[in-house]
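Spelled out from the first residue to the last, the chains are:
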Amino acid sequence: MNAKEIKKLFPILDQQVNGNPLVYLDSAATSQKPIQVIEKLDDYYRRYNSNVHRGVHTLGTIATDEYEGAREKVRAFLNADEVAEIVFTRGTTTALNLVAQSYGNDHVSEGDEIVITPMEHHSNIIPWQQLAKRKGAVLKYIPLQADGTIDLVDVEKTITERTKIVSVMHVSNVLGTINPISDIAKIAHKNGAIMAVDGAQSAPHIEVDIKELGCDFFAFSGHKMGGPTGIGALYGRKELLEKMEPIDFGGEMIDFVGLHDSTWKELPWKFEGGTPIIAGAIGFGAAIDFVSDLGFNEIEQHEKELVDYSFERLADLKDLTIFGPKERAGVVTFQLGDVHPHDVATVLDAEGIAVRAGHHCAQPLMKWLNVVATARASYYVYNTKEDIDALANGLVKAKEYFGDVFS
Ligand code: 7TS
């Protein structure tokens with residue numbers, strides 16, 4: 001299937017915005033949803049909406065089978081050994097907070113180190129800042145190279161025997177950098193630290209195999225890969241999850257409840273307090289089927305072509321700076337002369353082109369880039385070269401509109 005055929009499977013993309021065909025270039029914020037996912041959600045609510053893991057009635061049994069079936073799809077998708085290692089969460093943010101609050105609380109003490117990078121999304125900074133503050137630990141940053149990549153020499157220098165947790169994004173949502181996770185994980189393990197990975201921008205775009213990555217935790221979100229909002233997953237190595245305390249207490253996650261003491265269900269349910277995100281998980285499963293059927297070789301190849309074509313088309317634009325390395329996932333973040341990124345995005349929106357402008361939840365990275373904000377085009381399976389032509393033409397219009405800036 002080519003991108004034009006794939007695009008037809010996304011009903012939302014077949015519309016006009018401000019009198020122009022919609023060109024959606026904001027998939028790093030959230031992707032659009034294929035008809036297969038929309039129908040799966042519709043089917044759940046029309047045919048078998050029920051709570052899970054309780055009662056014996058027929059609808060409840062179907063819902064439970066579908067919900068747990070989705071967990072199995074996540075397991076297979078990541079190449080984890082057991083479904084016990086897959087915890088459903090609201091998304092990447094809650095998954096990383098679970099690691100920081102549960103594993104972090106029990107394993108980090110005063111003077112210990114937590115190591116991250118300046119390119120992280122806020123979701124992979126603040127949970128560790130908070131943990132470091134609670135424990136009197138030190139939050140350390142692996143410095144970046146000038147092109148926004150990580151040098152393993154710096155990793156070796158930053159991680160020490162005092163490091164307890166290393167947490168790094170697999171793919172940058174701003175620069176598109178693909179980080180050498182398996183190498184970083186080896187260095188973390190050599191020093192006795194565990195390796196957590198923010199996979200929000202990798203799982204939708206490149207093949208993920210947690211065994212090849214060699215990580216202990218991997219967090220990602222369904223909504224960036226064709227799934228519904230409000231659902232994601234945390235993979236955790238079983239030996240670690242088994243010893244971790246739940247952080248959400250209440251229904252669903254308990255085994256026995258007494259007046260003064262209670263015990264928890266086994267993995268992974270002890271981490272899923274309350275009625276779970278049932279429809280979300282089932283829709284997430286359908287999204288995993290969808291991207292897996294397309295195949296990650298094809299997805300990676302397609303995004304590489306889009307990135308190469310972007311560099312080719314945008315190279316002609318004077319005053320346009322593209323941030324990040326040449327070798328990257330499907331993200332192109334840029335600055336157009338002195339024009340504020342919000343103005344660029346507004347002109348593009350008038351043309352029906354959706355890009356994101358702002359700090360992209362990566363303020364430390366903006367500081368490192370020495371900008372307050374940038375504009376960003378991010379691609380997915382449904383984007384075509386025509387979309388990039390529209391972007392390039394839209395940027396020419398923006399330049400004309402703010403002409404005096406360039407004179
Ligand atoms: N980590 C990375 C690398 C991300 O790109 C995002 C969301 C998150 C974590 C948080 O994911 P959530 O599903 O828990 O919200 N990134 C973006 C973005 O780039 N623009 O909007 C959201």
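Remember, it's a predicted structure, so these values are computed and weren't measured experimentally.

## Section: helix α7 (residues 181–190)
Residues spaced three or four apart along an α-helix face the same direction, because each turn holds 3.6 residues.
Here comes step 1: For α7, the full list of buried residues reads Ile-181, Ile-184, Ala-185, Ile-187 and Ala-188. One side of α7 holds all its buried residues, which, seen down the axis, span an arc of 165 degrees. Residues of α7 that are exposed and point over 90 degrees away from its buried face: Lys-186 and Lys-190.
Here comes step 2: A positive phi of about 80 degrees marks Gly-192, the residue just after α7.

## Some words on the sheet that holds strand β16 (residues 356–358)
Here comes step 1: The antiparallel open sheet is built from four strands, whose spatial order is β13-β14-β17-β16. One side of each edge strand has no neighbouring strand; the edge strands of this open sheet are β13 (320–323) and β16. Between one strand and the next, the sheet's axes are offset by a mean angle of 30 degrees, whatever the strand orientation.
Here comes step 2: Note that β13 and strand β14 (residues 331–336) share four bridges and pair antiparallel. Opposite Leu-320, over in β14, you have Leu-336 as the bridge partner.
Here comes step 3: In the packing of helix α12 (residues 341–350) onto the sheet, the strands contacted are β14, β16 and β17 (374–378), and the crossing angle to β16 comes to about 160 degrees.

## Quick word on the sheet that holds strand β5 (residues 113–116)
Here comes step 1: Strand order in the open sheet formed by seven strands is β4-β10-β9-β8-β7-β5-β6, with mixed pairing between adjacent strands. The open sheet has two edge strands, β4 (86–89) and β6 (138–141), and neither has a second partner. Between one strand and the next, the sheet's axes are offset by a mean angle of 20 degrees, whatever the strand orientation.
Here comes step 2: Both β5 and strand β7 (residues 163–169) contribute to a ladder of three bridges, which runs parallel. Bridge pairing in β7 links Ile-114 to Ile-165.
Here comes step 3: Here helix α3 (residues 58–78) sits on the sheet and contacts β4, β9 (217–221) and β10 (232–236); the angle it forms with β4, its principal contact strand, is near 115 degrees.

## What to know about the site of the ligand
Here comes step 1: Close to the ligand lie 16 residues; Thr-93, Asp-198, Ser-221, Arg-356 and Arg-376 are nearest.
Here comes step 2: Measuring from an oxygen atom of the ligand, one finds a side-chain N or O atom of Thr-93 at 2.6 Å.
Here comes step 3: Side-chain polar atom of Arg-356 to a nitrogen atom of the ligand: 2.5 Å apart, as the coordinates give it.
Here comes step 4: In the complex, the protein chains occlude 87% of the 490 Å² of accessible area that the ligand would expose alone.

Analysis parameters
- Residues numbered from 1 in each chain as written.
- Predicted model: local features only at pLDDT ≥ 70, side-chain atom pairs only at ≥ 80, totals over all residues.
- Heavy atoms only, no water.
- Buried < 20%, exposed > 50% of the residue type's maximum accessible area, 1.4 Å probe, protein only.
- Helix = DSSP H or I, 4+ residues; strand = E, 2+ residues; numbered from the N terminus.
- Arc of directions from axis to C-beta.
- Pairing = 2+ DSSP bridges.
- Axes fitted to C-alpha atoms, helices over the stretch in contact; angles between N-to-C directions.
- Contact = heavy atoms within 4.5 Å.
- Near = heavy atom within 4 Å.
- Polar contact = N/O pair within 3.5 Å; in protein donor to acceptor, adjacent residues only side chain to side chain.
- Areas by Shrake-Rupley, 256 points an atom, 1.4 Å probe, with all protein chains shown as cover.

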